[in-house]
Every structure is written in structure tokens, then in C-alpha cells.
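Now for the letters of each chain:
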Amino acid sequence: MSPRPADVQVGAELPEQTSRVTRADLVRYAGASGDFNVIHWNERVAREVGLPGVIAHGMLTAGLAVRAVTAWAGDPAAVVDYQVRFSRPVVVPDDELGAELTVRGRVAALLEGGRVRIDLTVTSGGEKVLSLARAVVALD
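Sequence positions are assigned chain by chain, starting from 1 and proceeding in written order. Local features in this predicted model are restricted to residues whose pLDDT is 70 or higher, and side-chain atom pairs enter the listing and the counts only when it is 80 or higher, whereas totals over whole chains, interfaces and linings include all residues. Calculation of side-chain values draws on the structure's entire complement of heavy atoms; hydrogens and water are dropped beforehand.

## Notes on the overall build of the protein
Secondary structure assignment for the protein yields three helices and five strands. Only DSSP runs of H or I reaching four residues or more are called helices, and only runs of E reaching two or more are called strands; each is numbered from the N terminus. Listing every helix and strand of the protein by position from the N terminus yields β-α-α-α-β-β-β-β. Taking the principal axes of its C-alpha atoms as reference, the protein extends roughly 55 × 30 × 25 Å. Burial classes follow relative accessibility: with a 1.4 Å probe on protein chains only, a residue under 20% of its type's maximum area counts as buried, one over 50% as exposed, and anything between as partly exposed. Counting every position in the protein, which comprises 140 residues, the buried fraction comes to 42%. Sequence separation of at least 24 residues holds for 65% of the intrachain contacts in the protein that already meet a minimum separation of 6. Approximately 7800 Å² of the protein is accessible, and the part contributed by carbon and sulfur atoms is 51%. Positive charge is attributed to Lys and Arg, negative charge to Asp and Glu, and no charge count is given to His or to the chain ends. In plain terms, the charge of a residue is placed at NZ if it is Lys, CZ if Arg, CG if Asp and CD if Glu. The positive charge centre, built from 15 side chains, and the negative charge centre, built from 17, are 4 Å apart in the protein. Whether two residues touch is decided by their heavy atoms; if any such pair falls within 4.5 Å, the residues are in contact. Here the open area of atoms and residues is found with the Shrake-Rupley method and a 1.4 Å probe, where only the protein chains shown may cover a residue.

This is the structure we're talking about:
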């Protein structure tokens, strides 16, 4: 059930969401998106271009982050605007655990027409990986 505009207050926290990203997830995402850039699967090449290792696709990271908003809103179609800036890559180790992505959200503003702005804090390995991550949600 989605929140009603009258029940939402600035500062309200969304439930924290944690996701794991493994190398197998990167392979599946590459197939689905068509993004087979070598930095998402080859450790040697990733390091040669100055990365700390194989990294997750930026759009995969952004997609996992917005799931915290869609889960809270109760309807993915309620997200009417979403934007992020990538501040650090999500390094995905070659093991069974992969990388952990933690998403925290907070209602930052009540807007006209029953819309709210959600600001997200997205971290991996204790480092902020997205900056200025925010979504506008239309509540009914």
C-alpha cells in the first residue's frame, strides 16, 4: 500500500535496502542491457585503465538504488523523476559475496500536487557511490 500525501512528513525515513552485486549479476546485466564494456568483467583491463577492479554498470547501480523508492511508493510508475550522479564505482570482487550496496532514503520535500522528493544515500564498502541521488514520487 502506497503512502498517502497527508501521511508523509519531511524527514521521514524509507526502509533501508541492501542488495548484493556479484560478477554473475554483471554478466546477466550485460546481456540484458547490451553493455559488454570490458571493465565490467575483466580485472586486468579494469586495472589497466586505472580502476580498482571490475566495476558494476552505473545504470545497474542506479536501478538497484531506485528500488528503495519504488518499494516505499508501492508502484514503480509513481516515480516521475529520478536522477543521480556517479561519485565512485561499485567494485565487484570475484567471489560469492560480491559487493554490497546499501540504500537509505529520506523525504526531503513536500511538493505541489501530492508529490514528494526523496533524497537517497547510496553506499558500497562504506563509501558513497552516488551523489545527488533523488527521486520525485507522485502519491495518490
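## Considerations on the pattern of salt bridges
Salt bridges are defined as contacts in which a side-chain nitrogen from Lys or Arg sits within 4 Å of a carboxyl oxygen from Asp or Glu. If you walk through the whole model with that rule in mind, you get 10 salt bridges. One connected set of salt bridges, linked through shared partners, spans Arg23, Glu43 and Arg47.

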